[in-house]
Amino acid sequence: MIVENSGLNGLKSDLAYLDESAEKVGFVRWQWEYYRATYDYKIEHNNDEYYLRINTRAVEGKLERPDTVLAIEAVYMGRATFPHGLEYESEIPATVMKTASYKLTELKELLEA
């Protein structure tokens, strides 16, 4: 599920500050390569795990450097399935969406400061 109106799409930040801000809110940079990085936040609900995922792309530099500038491309959410990864078609419970919205707002405030 794509999270619409997160307010994060298009925001830019250097890697060091994005890592620091994301960590403060509880996100972890799991996947990354030279030009892309993904930040995940895990939400547990009724024995299910949901991941709020933020995709970023380098617009200046490569991810090896803390001054690399990243732009947030998309925010989406999925339910974890074993062993396949994330499933994006399931309905997300309202309490999970509320938590996700709160975390996105926290991160947006840090990035816009």
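Relevant structure appears above.
Computed from a predicted structure; not experimentally measured.

Participant: Got a minute to help me understand the nonpolar core in this structure?
Facilitator: General note: in soluble globular proteins, nonpolar side chains tend to be found buried as a group. Core analysis: the biggest nonpolar cluster contains 27 residues, and Phe27, Tyr39, Leu52, Ile54 and Met77 have the highest contact counts within it. For this core, the secondary structure elements donating two or more residues are α1 (15–25), β3 (36–45), β4 (48–60), β5 (69–81) and α2 (94–112). In terms of residue count, α2 provides more of this core than any other element does, 6 residues in total. Excluding residues that lie within four positions of it along the chain, Met77 makes contacts with Met1, Val3, Ile43, Tyr50, Tyr51, Leu52, Tyr88, Ile92, Val96, Met97 and Ala100.

Participant: So what exactly am I meant to see when it comes to the environment of Val28 here?
Facilitator: Positionally, Val28 belongs in strand β2 (residues 28–32). With relative accessibility at 36%, the residue Val28 sits in the partly exposed group. Separated by 73 residues in sequence, Val28 and Ser101 place their C-alpha atoms 17 Å apart.

Participant: Help me understand the side chain of Asp40, please; the structure alone is not making it clear to me.
Facilitator: By the element assignment, Asp40 lies in strand β3. Look at Asp40 and you get buried, because its relative accessible area is 5%. Within polar-contact distance, the side chain of Asp40 engages the side chain of Arg53 at 2.7 Å. Ignoring sequence-local partners within four residues, the contact set of Asp40 consists of Gly26, Phe27, Val28, Trp30, Tyr51, Leu52 and Arg53.

Participant: How should I be thinking about the packing of aromatic side chains in this particular structure?
Facilitator: The geometry of an aromatic ring pair is captured by two quantities: the separation of the ring centres and the angle between the planes. Counted under the stated rule, the structure contains 2 aromatic pairs. Taken together, a centroid distance of 5.5 Å and an interplanar angle of 50 degrees make the contact between Phe27 and Tyr41 tilted. Taken together, the positions of Phe27 in the loop between α1 and β2 and Tyr41 in strand β3 put the pair 14 residues apart, joining distant regions of the chain. Of the two residues, Phe27 and Tyr41, both sit in the buried class. When the ring of Tyr76 is compared with that of Tyr88, the centres are 5.2 Å apart and the planes differ by 70 degrees; the resulting orientation is edge-to-face. Pair noted here: Tyr76 is in strand β5 and Tyr88 is in the loop between β6 (85–87) and α2, with a separation of 12 residues, a long-range link. The exposure class assigned to Tyr88 is partly exposed, which follows from its relative accessible area of 30%. A cation over a ring is seen here: Arg29 above Trp32, with NZ or CZ 5.5 Å from the ring centre.

Participant: For this particular structure, what's the right way to read the environment of Arg79?
Facilitator: Within the fold, Arg79 resides in strand β5. Since its relative accessible area comes to 23%, Arg79 is described here as partly exposed. Taking the C-alpha atoms as reference points, Arg79 and Ala58, separated by 21 residues in sequence, lie 27 Å from one another. Among all residues touching Arg79, those that are not within four sequence positions of it are Asp48, Glu49, Tyr50, Gly85, Leu86, Glu87 and Ser90. A polar atom in the side chain of Arg79 sits 3.4 Å from the side chain of Ser90.

Cut-offs used in this document
Residues numbered from 1 in each chain as written. Predicted model: local features only at pLDDT ≥ 70, side-chain atom pairs only at ≥ 80, totals over all residues. Heavy atoms only, no water. Core = buried A, V, L, I, M, F, W, Y, C linked by side-chain atoms within 4.5 Å. Buried < 20%, exposed > 50% of the residue type's maximum accessible area, 1.4 Å probe, protein only. Helix = DSSP H or I, 4+ residues; strand = E, 2+ residues; numbered from the N terminus. Contact = heavy atoms within 4.5 Å. Polar contact = N/O pair within 3.5 Å; in protein donor to acceptor, adjacent residues only side chain to side chain. Phe/Tyr/Trp six-rings, centres within 6.5 Å; stacked < 30°, edge-to-face > 60°. Lys NZ or Arg CZ within 6 Å of the ring centre and 35° of its normal.

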